[in-house]
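The primary structure of each chain is shown beneath.
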Amino acid sequence: KAVKNALEKVAFVENIRVDIKNQQYNFDLKKDEKIDFDVLSKAVEDAGFSVASLKVTAEIENIKAVKDSHVQIGDKYFHFLNAKGQALNGATTFSIVDKSFVPAKDFKKYSSATKMPCVQTGKAAACCTKENISENTRVYHAII
């Protein structure tokens, strides 16, 4: 209940459905609102818990997901750690695997999939600025 109450206070969350059996929260986000995944993580942490996983479903148009490339989806940048050059179109689900979105042992596994420094900080580093992303811009690391 504490997590549900915390997530209900997040400005861009439309509604929440609690799935007790699978120990997960499914929620819709408000259209035309700026979304910040880190705010979701902080709300859960402030309620006394940690995020075990965060899956995002987004409408994507013609993006080619290549391992270790950075792509922009909406106003967010994503670095896909396990992409194999597949085309992403339509409703696409992926998991964010940065430190505050997975357990430490999972982060260690996912972060070892790349040598790029942005995976450790979640901020654009030299690997990202080569792709015209401003230094220190938030970059989310994801798996498909």
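I will try to describe carefully the structure that is included in this document. (Residues numbered from 1 in each chain as written. Predicted model: local features only at pLDDT ≥ 70, side-chain atom pairs only at ≥ 80, totals over all residues. Heavy atoms only, no water.)

**A look at the overall build of the chain**
Summing up its helical and strand segments, the chain has five helices and seven strands in all. Helices and strands in the chain line up, N terminus first, as α-β-β-α-β-β-β-β-α-α-α-β. Taking 144 residues into account, the globule formula puts the C-alpha radius of gyration at 15 Å, and the chain, at 15 Å, falls close to it. The principal-axis extents of the C-alpha atoms in the chain amount to approximately 45 × 30 × 30 Å. Classification of the 144 residues of the chain by burial places 40% in the buried group. (Helix = DSSP H or I, 4+ residues; strand = E, 2+ residues; numbered from the N terminus. Rg over C-alpha atoms; globule rule 2.2 N^0.38 Å. Buried < 20%, exposed > 50% of the residue type's maximum accessible area, 1.4 Å probe, protein only.)

**Some details on the environment of Q24**
Counting through the fold element by element, Q24 comes out in strand β2 (residues 24-29). What makes Q24 partly exposed here is its relative accessible area of 35%. If sequence neighbours within four positions are ignored, Q24 has contacts with R17, V18 and D19. Here the side chain of Q24 touches N26 through a polar contact of 3.5 Å, side chain to side chain. (Contact = heavy atoms within 4.5 Å. Polar contact = N/O pair within 3.5 Å; in protein donor to acceptor, adjacent residues only side chain to side chain.)

**Thoughts on the side chain of S111**
When you line up the elements, S111 lands in helix α3 (residues 104-111). The exposure class assigned to S111 is buried, which follows from its relative accessible area of 9%. In this structure S111 touches V119 and Q120, once residues within four positions along its chain are discounted.

**Side note on the sheet that holds strand β4 (residues 70-73)**
Spatially, the five strands line up as an open sheet ordered β3-β6-β7-β5-β4, and their pairing is mixed. Each edge of the open sheet carries a strand with a single partner, namely β3 (54-66) and β4. Strand-to-strand twist in this sheet, taken as the mean axis angle between neighbours without regard to direction, amounts to 45°. Two elements, strand β6 (residues 84-96) and strand β7 (residues 139-143), share two bridges in a ladder whose sense is antiparallel. By the bridge assignment, S95 is partnered in β7 with I143. (Pairing = 2+ DSSP bridges. Axes fitted to C-alpha atoms, helices over the stretch in contact; angles between N-to-C directions.)

**Here's the deal with α3**
For α3, the complete set of buried residues consists of D106, F107 and S111. Along α3, the residues classed as buried sweep out an arc of 125° about the axis, all on the same side. Residues K105 and K108 are exposed on α3 and point more than 90 degrees away from its buried face. In this fold, the buried residues of α3 make contact with α4 (118-121). (Arc of directions from axis to C-beta.)

**Remarks on the pattern of salt bridges**
Summed over the entire model, instances satisfying the criterion amount to eight salt bridges. For D38, the salt bridge is made with R138, and the minimal N-O distance between the two is 2.8 Å. Here D38 is found in helix α2 (residues 37-46), whereas its partner R138 is found in the loop between α5 (126-129) and β7, with 100 residues between them in sequence. Measuring nitrogen to oxygen at the nearest pair gives 3.2 Å for the salt bridge that ties D98 to R138. Note that D98 is positioned in the loop between β6 and α3 and R138 in the loop between α5 and β7, a separation of 40 residues in sequence. In terms of burial, D98 and R138 fall into one category: buried. Connected through shared salt-bridge partners, D38, D98 and R138 make up one network. (Salt bridge = Lys/Arg side-chain N within 4 Å of Asp/Glu carboxyl O.)

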